[in-house]
Each structure stands twice: as structure tokens, then as C-alpha cells.
Amino acid sequence: MIWKDKYLIGVPLIDEQHQELFRRVTDFVEVLRSRDEWEQKVDKVNETLEFMKVYVVTHFEDEEAYQREIGYPDLEKHKEIHNNMIQYVVNVAEAYEQEGFKEDLMQRFAGKLLAWLINHVAASDQKIADFANRKDVSGNDE
Amino acid sequence: MTNKMLAPFSNATREVFKLMLDLDVVTETPEVIDTIVGPNDKLNISIKVVGDLSGEIFYRFPKETTLEMVKIMSGMEFDQIDDFVTSAMGEIANIISGNALIGLSEQEVTCDILPPQIIVGENGADTQEGNILSTTVRTQIGDVDLDIILHSSVDK
């Protein structure tokens, strides 16, 4: 996954979290796509999945707090997108455990996560930046 | 079936290709056709639409285009269409269709979409018949076929 500066929204905390998400998903995909046997990579995959479950929630909460702070009008819609993604991650993690840590489910999860994250950061979150810039409330003056 | 219905989908396709892949696209003038003959060797993704309009949207990606799109997103090489690739492409079709519904809602048409269905390789896709609005989205990494079969579900 390639981070691009056009993804920056101008809020240091959120931008750092986005970059960390990109790094983690990149690591996840690289491990998953390596030619190693599944048994050799399953621990690293599980570790990253656990991290994602926690970090995604933290990031979404911070992002929603910022939207609240600037009076972002589409906060509820954005929260719904976040909640749907959290539910998807939880459902996949449960199915993954119940099915005995199978690789094909993780491959599908990673493919969707890759596309979802790029769209979310490149499109959905840019609307927050656009709103903040229009209202001149980015909170990024210091 | 009118070109008015196509506009939200072609606009959404253009925006998503630009934002996610940094690719400019040109959408050909659409034509209404009766039949799409299947199977084919492309990655076929269908998304069912329910609500004021009901029907199905078909996205058909050539293999090389598919692999290049996933390479652009991931920065990694892919040589076959596997679970990872189909899932990433299904999400792209989902994103385009979801954005198109926002465009339709501006025409006071309210719809929802169902999760993408993916058919690839020798199984191809079933032959589709009906009033099909068909166009080609041209990109520098290949052409994507977009076929729309939508019918009004309500009397307006």
C-alpha cells in the first residue's frame, strides 16, 4: 500500500493514525501474500488482526471526536460507516477463530480491507478536511 | 431504462478510479442492448439493486486490468485472480455502486445494494437478457464493461 500526501487531512493526530493504518495493513498484506507456508505466517497474521481490532476502534473514536469538535454535519453518517466496518472486522475475526484460522478467509478480508481503507482515507475522510477548510476550523494552527 | 440512470454510475466510476487509482477514465456513449452472451473470461462482479429501482449492475474487468488495479492499490505484483484479488475488486464495485446510489438519490430515487457476487474464469457469467444499458469505461490499463439492468419498482 502506498501512502500519498494527498491523503493528508491536515489534522496531525488523524494523519498519523492513517499512516499507521497504512503501514500495518501493508505489513499484513505482505505477510499474507508471501510464498511461505500458511503455518509459518499464521502467528504474524493473527497478531496483526488483533492489533487492527483495537487500533481501528481507537482511530475511529478519535476521528469522530474531531468531527464533533468542528461541528461536521455528516458525523452520524460517518459514524455509521465506521460502525459497519467495526462490525465487519468483529464478524470476520469470530468466523476466523470458529473455522480454525483458515487462510482463504484472511485473503478475502485483506483484499476488502485494502480497498476499503484507500477509499475511506482518499474519499470519505477528505470530506472532513474540505469542511474544516471551508469553515477554517481545522484546529491545526499551532 | 434511460441514460439518466447511467450517469450516476459512470460518474461514480470516474470518481472512484481517480481517487483510489489515480486513473482518468472515459465512458463511451451507452447503448441499449437485448442480450449479453455469457460466459466470458473476465472478472464479472454483479451487484443487485433494490428499492425504487430493482435489478442488477454488472462490472466486467479483464484479467490484466484487474491485476493492475490491485497492484496500484497494494504496491505488490499479482499474477492470478485469487480470493484476495476478487475481494478487493468486489469492494471497488461496492464502493462505485454505493456512490452511484447517492447520485440517484439526488434524482429522488431511493435504492439500496446487496453484497457483490463474483464470477470468474471458466464459469464466466450467465447470459443476461432484457433491456440492458451497456457502456465501456476506457482506462489506460484496459477497458471495463458496465452493464445496467434496472427497472422502476414504483409508480411515480
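Counting restarts for each chain, with residues numbered from 1 along the sequence as it is written. Chains carry letters and ligands carry numbers; both start at the beginning, A for chains and 1 for ligands, and go up in the order they are written. pLDDT decides what is reported in this predicted model: residues at 70 or higher carry local features, side-chain atom pairs at 80 or more are listed and counted, and totals for whole chains, interfaces and linings draw on all residues regardless. Where side-chain values are given, they derive from all heavy atoms of the structure, hydrogens and water being excluded.

A. A look at the overall build of chain A. Strands are runs of DSSP state E lasting at least 2 residues, helices are runs of H or I lasting at least 4, and numbering of each runs from the N terminus. Helices and strands together make up the secondary structure of chain A, namely four helices and zero strands. When the helices and strands of chain A are read in sequence order from the N terminus, they spell out α-α-α-α. When the backbone C-alpha atoms are referred to their principal axes, chain A occupies close to 50 × 25 × 20 Å. With a 1.4 Å probe rolled over the protein chains alone, any residue whose accessible area is under 20% of its type maximum counts as buried; one over 50% counts as exposed, and the rest are partly exposed. Looking at chain A as a whole, 48% of its 142 residues are labelled buried. Restricting the contact set of chain A to residue pairs at least 6 apart, pairs at least 24 apart contribute 71%. Only the protein chains shown count as cover for residues, and the accessible areas themselves come from Shrake-Rupley with a 1.4 Å probe. Total accessible area on chain A is roughly 7400 Å²; 46% of this is exposed by carbon and sulfur atoms. Any pair of residues with heavy atoms lying within 4.5 Å of one another is described as a contacting pair.

B. Region of interest: the nonpolar core. Nonpolar core, defined: a set of buried Ala, Val, Leu, Ile, Met, Phe, Trp, Tyr and Cys residues in which side-chain atoms within 4.5 Å join the residues together. Counting 79 residues, the largest nonpolar core has A:Met106, B:Tyr59 and B:Met73 as its most contacted members. At 12 residues, the largest contribution of residues to this core is made by helix 4 (residues 103–135) of chain A. Ignoring sequence-local partners within four residues, the contact set of B:Met73 consists of A:Met1, A:Ile2, A:Leu114, A:Ala115, A:Ile118, B:Met20, B:Leu21, B:Ala88 and B:Ile92. Core analysis: the second largest hydrophobic core is formed by 10 residues, A:Ile9, A:Ile14, A:Ile128 and A:Ala132 among them.

C. Seen up close, the packing of helix 2 (residues 38–70) of chain A against helix 3 (residues 75–98) of chain A. All names here are of chain A. Angles shown run from 0 to 180 degrees and are taken between the N-to-C directions of axes, each axis being a line fitted to C-alpha atoms and, for helices, limited to the stretch in contact. Running from amino to carboxyl end, helix 2 crosses helix 3 at an angle of 160°, the nearest separation of the two axes being 11 Å. Viewed along their axes, helix 2 and helix 3 adopt a mutual orientation that is roughly antiparallel. For the pair helix 2 and helix 3, the sense of crossing is left-handed. Three classes are used: nonpolar for Ala, Val, Leu, Ile, Met, Phe, Trp, Tyr, Cys and Pro, charged for Asp, Glu, Lys and Arg, and polar for all others, with Gly counted as polar. A per-class count over the contact of helix 2 with helix 3 returns 13 nonpolar, four polar and five charged. Just so you know how the angles are binned, under 35 degrees is roughly parallel, over 145 roughly antiparallel, 65 to 115 roughly perpendicular, and the rest oblique. For a crossing to be left-handed, the near helix must be turned anticlockwise from the far one by less than a right angle; the clockwise case is right-handed.

D. Examining the packing of helix 4 of chain A against helix 3 (residues 83–105) of chain B more closely. The N-to-C vectors of helix 4 of chain A and helix 3 of chain B enclose an angle of 35°; their axes lie 7 Å apart at closest approach. In the packing of helix 4 of chain A onto helix 3 of chain B, the handedness of the crossing is right-handed. Between helix 4 of chain A, through A:Asp104, A:Gln107, A:Arg108, A:Ala110, A:Gly111, A:Lys112, A:Leu114, A:Ala115, A:Trp116 and A:Asn119, and helix 3 of chain B, the contact on the second element is made entirely by B:Asp83, B:Phe84, B:Ser87, B:Ala88, B:Glu91, B:Ile92 and B:Ile95. Here the residues of the contact of helix 4 of chain A with helix 3 of chain B are counted per class, giving eight nonpolar, four polar and five charged.

E. Just the packing of aromatic side chains, in detail. Residues and elements named next belong to chain A. Aromatic pairs are defined between Phe, Tyr and Trp rings, using the six-membered ring for Trp, whenever the two ring centres lie within 6.5 Å; interplanar angles under 30 degrees are classed as stacked, those over 60 as edge-to-face, and all others as tilted. In the structure shown here, the tally under the stated rule is 10 aromatic pairs over all chains. Considering the side-chain rings of Phe-60 and Trp-116, the 6.1 Å spacing of their centres and the 55° angle between planes classify their relative orientation as tilted. Of the two residues, Phe-60 sits in helix 2 while Trp-116 sits in helix 4, which places them 56 residues apart along the sequence. Consider the rings of Tyr-96 and Phe-101, whose centres lie 5.0 Å apart with planes at 85°: the pair is edge-to-face. Judged by relative accessible area, which is 3%, Tyr-96 ranks as buried. Classification of Phe-101 by relative accessible area gives partly exposed; the value is 36%. Taken together, the aromatic side chains of Trp-3, Tyr-7 and Phe-22 make up a single cluster linked through ring pairs. Our definition puts a charge over a ring when NZ of Lys or CZ of Arg is within 6 Å of the ring centre and also within 35 degrees of the ring normal. Here the basic side chain of Arg-24 rests over the ring of Phe-51, its NZ or CZ set 3.7 Å away from the ring centre.

F. Structural detail: empty space enclosed by the protein. Residues and elements named next belong to chain A. Only protein atoms enter the 1 Å grid, on which a cavity is a set of points fitting a 1.4 Å probe that cannot get out and a pocket is an open set with protein on both sides within 12 Å along at least 5 of 7 lines, lining residues being those with an atom within 4 Å of a point. Grid points are joined across faces, edges and corners, and a volume is the space filled by probe spheres set on the points. Under the counting rule described, the total for this entry stands at two cavities of 30 Å³ or more. The computed volume of the largest cavity comes to approximately 60 Å³. Along its surface, the largest cavity is lined by Leu-21, Met-52, Val-56, Phe-60, Met-85, Val-89, Leu-113, Trp-116 and Leu-117. Across the lining of the largest cavity, the residue classes break down as nine nonpolar, no polar and no charged. Of the voids in this model, the second largest cavity is the one considered here, and its volume is about 30 Å³. Looking at side-chain class alone, the lining of the second largest cavity contains six nonpolar, no polar and one charged residues.

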